[in-house]
Amino acid sequence: MDTVLLEMKEHIATITINRPKALNALSTEVLEDLNTALAQVCATKSIYALIITGAGDKSFVAGADIAEMKDKNVDEAATYGRFGNQIFRRIENFRCPVIAAINGFALGGGCELACACDIRIAADNAVFGQPEVGLGITPGFGGTQRLARLVGAGPAKEMIFTGRNIKADKALAIGLVNSVVPHDELMAAAEKMAANIAKNAPIAVANAKTAINEGLQTNIDAGINIEVKAFSACFATEDQRTGMNAFVNKEKVDAFAN
Ligand code: CO8
């Protein structure tokens, strides 16, 4: 992988999009490397939380690679869009929580990548935007779908129709990010969040993620049924016995098994 770095330490993996000279723009090669890195993390069962960030001080991801994209015809654009969407769906449905550590520009495909993650922590220099209409295209990696689901139709339409960027404080105000931290504290904040997730029972966390994601696609009654399934399935795990026995015995859980 030339354009993506992967680090796995204890229960936390970090994927860094590493193309800083192009502000980490998503070329086909970056998307392929990202896909490969995701497969490696997925196969490493001891990983309970994943952080995605960008290399350098300036940019998380400044969008899809415009130079590579500009001469595509309709079919090629559809193939490219489907490939990106397939990877972003993979992130959304990833078997453990994914945290975006947004260290600068999150534009176009970069904002869409952040939206595909479960939790977004922004550095105070982060800038968000969906500038596609200024390039003559619509968002193409899920921006018209996830952004509206996250922040509501009004703010999403304003961002997408005007193509204007917003700063981190505005992103926090509209609910696009969970928190904003000083730039030099970003990775520590993301790692702390990841560690807080990873110390919990991983199957329970994964089941909760599935229940939230699937429930958001359906009505409340169907959603409750999804939760009953997720909740009751935990009673087949060793972690449920570990967690509840520790509570009744007034002990702390050293580590969950799985
Ligand atoms: N694609 C390709 N190269 C890029 C991109 C990009 N998205 N963004 C920046 N770069 C490159 C620049 O070309 C430049 O390269 P070089 O040094 O070789 O000239 C280098 O990164 C540094 O960029 P700048 O000199 O422009 O840096 P500035 O600090 O002056 O500006 C900006 C930073 C404001 C972020 C500016 O680079 C910019 O506006 N970038 C483009 C942002 C954008 O429009 N993103 C949306 C792209 S479209 C998209 O993401 C659609 C996704 C779905 C597609 C699905 C299609 C089917």
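Remember, predicted model here, so these are calculated numbers, not experimental data.

### Points about the nonpolar core
Phase 1: Of all hydrophobic cores here, the largest spans 48 residues; its most connected members are Leu50, Ile91, Ile102, Phe128 and Leu176.
Phase 2: In terms of residue count, helix α1 (residues 28-43) provides more of this core than any other element does, six residues in total.
Phase 3: If sequence neighbours within four positions are ignored, isoleucine 91 has contacts with Leu34, Leu38, Ile52, Val98, Leu113, Ala116, Cys117 and Lys209.
Phase 4: Judged by nonpolar contacts, the second largest core, of 16 residues, contains Ile12, Ile51, Ala190 and Ile197.

### So, the pairing of strand β3 (residues 49-54)
Phase 1: Burial of β3 is extensive: six of the six residues sit out of reach of the surface.
Phase 2: Here β3 shows no split at all, with Ala49, Ile51 and Thr53 on one side and Leu50, Ile52 and Gly54 on the other all buried.
Phase 3: Sheet topology places strand β2 (residues 12-17) next to β3; six bridges connect them, and they run parallel. Residue pairing for β3: threonine 14 is matched across the bridge by isoleucine 51.
Phase 4: In this view, the connection linking β2 to its parallel neighbour β3 by way of α1 has right-handed handedness.

### Quick word on the packing of aromatic side chains
Phase 1: Summed over the entire model, instances satisfying the criterion amount to three aromatic pairs.
Phase 2: Here a set of aromatic residues connected by ring pairs shows up, and it is made of Tyr80, Phe88 and Phe141.
Phase 3: The aromatic ring of tyrosine 80 is capped on one face by lysine 72, whose charged end is 5.0 Å from the ring centroid.

### A closer look at the state of the cysteines
Phase 1: If you walk through the whole model with that rule in mind, you get zero disulfides.
Phase 2: Free cysteine: cysteine 115, not disulfide-bonded; nearest cysteine sulfur from cysteine 111 at 4.5 Å.
Phase 3: Taking relative accessible area as the criterion, cysteine 115 reaches 7% and is therefore assigned buried.
Phase 4: No disulfide involves cysteine 234; its sulfur sits 16 Å from the nearest other cysteine sulfur, which is in cysteine 96.
Phase 5: Among the residues examined, cysteine 234 registers a relative accessible area of 15% and is labelled buried.

### Structural notes on helix α10 (residues 220-233)
Phase 1: Taking 1.5 Å of rise per residue, 14 residues should cover 20 Å, and α10 covers 20 Å from first to last C-alpha, within 8% of that figure.
Phase 2: Three or more residues of α10 are buried, namely Gly223, Ile226 and Ala230. Taken down its axis, α10 places every buried residue within 60° of arc, on the same side. When the buried face of α10 is taken as reference, the exposed residues oriented beyond 90 degrees from it are Asp221, Asn225, Lys229 and Phe231.
Phase 3: Looking at the packing, one finds that the buried side of α10 touches α9 (202-215).
Phase 4: A side-chain oxygen of the first residue of α10 lies 3.1 Å from the backbone nitrogen of aspartate 221; this N-cap is asparagine 219.

### Regarding the site of the ligand
Phase 1: Around the ligand, the surrounding shell holds 24 residues, and the nearest of these are Lys58, Ala62, Ala64, Ile66 and Gly109.
Phase 2: Interatomic distance of 2.9 Å between a backbone N/O atom of isoleucine 66 and a nitrogen atom of the ligand.
Phase 3: The contact in question runs from an oxygen atom of the ligand to an N or O atom on the backbone of glycine 109, over 2.8 Å.
Phase 4: Contributions of two or more residues to the shell around the ligand are made by α2 (66-69), α3 (74-92), β6 (105-107) and α4 (109-116).

### Some remarks on the sheet that holds strand β8 (residues 127-129)
Phase 1: Reading across the sheet, the four strands line up as β4-β6-β8-β9 and stay open at both edges, with mixed pairing between neighbours. At either end of the open sheet lies a strand with only one pairing partner, and these are β4 (59-61) and β9 (166-167).
Phase 2: Looking at chain direction, β8 and β9 are connected through two bridges and run antiparallel. When the bridges of β9 are listed, valine 127 appears paired with lysine 167.
Phase 3: Along the sheet face, α4 touches β4, β6 and β8 and points at about 75° away from the line of β4.

About the criteria used
Residues numbered from 1 in each chain as written. Predicted model: local features only at pLDDT ≥ 70, side-chain atom pairs only at ≥ 80, totals over all residues. Heavy atoms only, no water. Core = buried A, V, L, I, M, F, W, Y, C linked by side-chain atoms within 4.5 Å. Buried < 20%, exposed > 50% of the residue type's maximum accessible area, 1.4 Å probe, protein only. Helix = DSSP H or I, 4+ residues; strand = E, 2+ residues; numbered from the N terminus. Contact = heavy atoms within 4.5 Å. Pairing = 2+ DSSP bridges. Right-handed = clockwise from strand over helix to strand, strands pointing away. Phe/Tyr/Trp six-rings, centres within 6.5 Å; stacked < 30°, edge-to-face > 60°. Lys NZ or Arg CZ within 6 Å of the ring centre and 35° of its normal. Disulfide = S-S within 2.5 Å. Expected span 1.5 Å × (residues − 1). Arc of directions from axis to C-beta. Polar contact = N/O pair within 3.5 Å; in protein donor to acceptor, adjacent residues only side chain to side chain. Near = heavy atom within 4 Å. Axes fitted to C-alpha atoms, helices over the stretch in contact; angles between N-to-C directions.

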